[in-house]
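Examining the three-dimensional arrangement
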Amino acid sequence: MKTTSLPSPVPTRPRTVLIGSLLASSATFIAFCSLVALYVRHRQQARIVGQDWFTEGSLQLGPASMMLMTLLLSVVTVQWAVQSAKTEDRPHQFMALGTTLLFGVAVLNQFWFVYQDVGLAIDDSKAALFFYVVTGAFIAMLVVAMIAMIIATVRSLAGTFGKELANIVQASAFFWHATVVCYALVWYTVFVTK
């Protein structure tokens, strides 16, 4: 009996970028959850002794909710970028990445408005300190997610399409999704429950 010899399959490259992004996103999310837990603990201790955490009306829910809606829209556009990278649709990928970055800039702009509107100095109280620490940590996370999106955009401009580029866009999307979930935590714990 004669067998035909088939060529050996091309070895697939491990998805190190995706695994690394998943691990980094998980670690960042856990660190952020720890920070929010500290915020909640100190807020509860202040309430137990009868102190006001924030004065009535100092934090407005409207701008914070608009940031949440903007970030939820960015989840759609970042997934659009991932799908476009997988199907090698260059024009739609650039539109999706650009729109996602635009949503990120809009959220940064809205935070600038919130900081101006709140008018708290960082050394006013423990509440003000924790407000700036928690929201500042989110802003840092958003800036890192935007840098990851910019790197994916530059790589797609300079490189060829394929699985490697799709993995880079997907890895950036993992971190973006973790950023959006972290803001949902900020929205609920800082702005809703005050």
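Remember, it's a predicted structure, so these values are computed and weren't measured experimentally.

1. Concerning helix α1 (residues 16-48)
- Here α1 spans 48 Å end to end across 33 residues, near enough to the 48 Å set by a 1.5 Å rise per residue.
- Taken residue by residue, α1 has L18, S21, S25, F32, L35, V36, Y39, H42, R43 and A46 as its buried positions.
- The first or second residue beyond α1 is G50, which carries a positive phi of 90°.

2. Notes on helix α4 (residues 126-158)
- When the terminal C-alpha atoms of α4 are compared, their 48 Å separation across 33 residues agrees well with the 48 Å that a helix rising 1.5 Å per residue should span.
- The backbone nitrogen of A127 has a side-chain oxygen 3.4 Å away, supplied by the residue at the start of α4, namely S125.

3. So, the side chain of T189
- If you trace the backbone, T189 turns up in helix α5 (residues 163-192).
- For T189, a relative accessible area of 10% gives the class buried.
- Aside from chain neighbours lying at most four places away, what touches T189 is V36, Y39, V40, R43 and K194.

4. So, the nonpolar core
- Counting residues in each nonpolar core, the largest one holds 51 residues, and the members touching the most others are F131, F138, Y183 and F191.
- Looking at this core, the elements that each hand over two or more residues are α1, α2 (61-86), α3 (90-118), α4 and α5.
- Counting residues per element, this core draws most heavily on α5, which supplies 14 residues.

5. Details of the side chain of T77
- Within the element layout of this structure, T77 appears in helix α2.
- Residue T77 is classed as buried on the basis of its relative accessible area, which comes to 9%.
- Only 2.7 Å separates the side chain of T77 from the side chain of T100, close enough to count as a polar contact.
- Non-local contacts of T77, meaning those with residues more than four positions away in its chain, are made with A96, T99, T100 and F103.

6. Some thoughts on the packing of α2 against α3
- Relative to each other, α2 and α3 sit at 165°, their axes nearing to 8 Å. Judged by the inter-axis angle, α2 sits roughly antiparallel to α3. For α2 against α3, the interelement crossing comes out left-handed.
- For the contact of α2 with α3, the residue count by class is 17 nonpolar, nine polar and no charged.

Cut-offs used in this document
Residues numbered from 1 in each chain as written. Predicted model: local features only at pLDDT ≥ 70, side-chain atom pairs only at ≥ 80, totals over all residues. Heavy atoms only, no water. Helix = DSSP H or I, 4+ residues; strand = E, 2+ residues; numbered from the N terminus. Expected span 1.5 Å × (residues − 1). Buried < 20%, exposed > 50% of the residue type's maximum accessible area, 1.4 Å probe, protein only. Polar contact = N/O pair within 3.5 Å; in protein donor to acceptor, adjacent residues only side chain to side chain. Contact = heavy atoms within 4.5 Å. Core = buried A, V, L, I, M, F, W, Y, C linked by side-chain atoms within 4.5 Å. Axes fitted to C-alpha atoms, helices over the stretch in contact; angles between N-to-C directions. Parallel < 35°, antiparallel > 145°, perpendicular 65-115°, else oblique. Left-handed = near helix turned anticlockwise from the far one by under 90°. Nonpolar A, V, L, I, M, F, W, Y, C, P; charged D, E, K, R; others polar.

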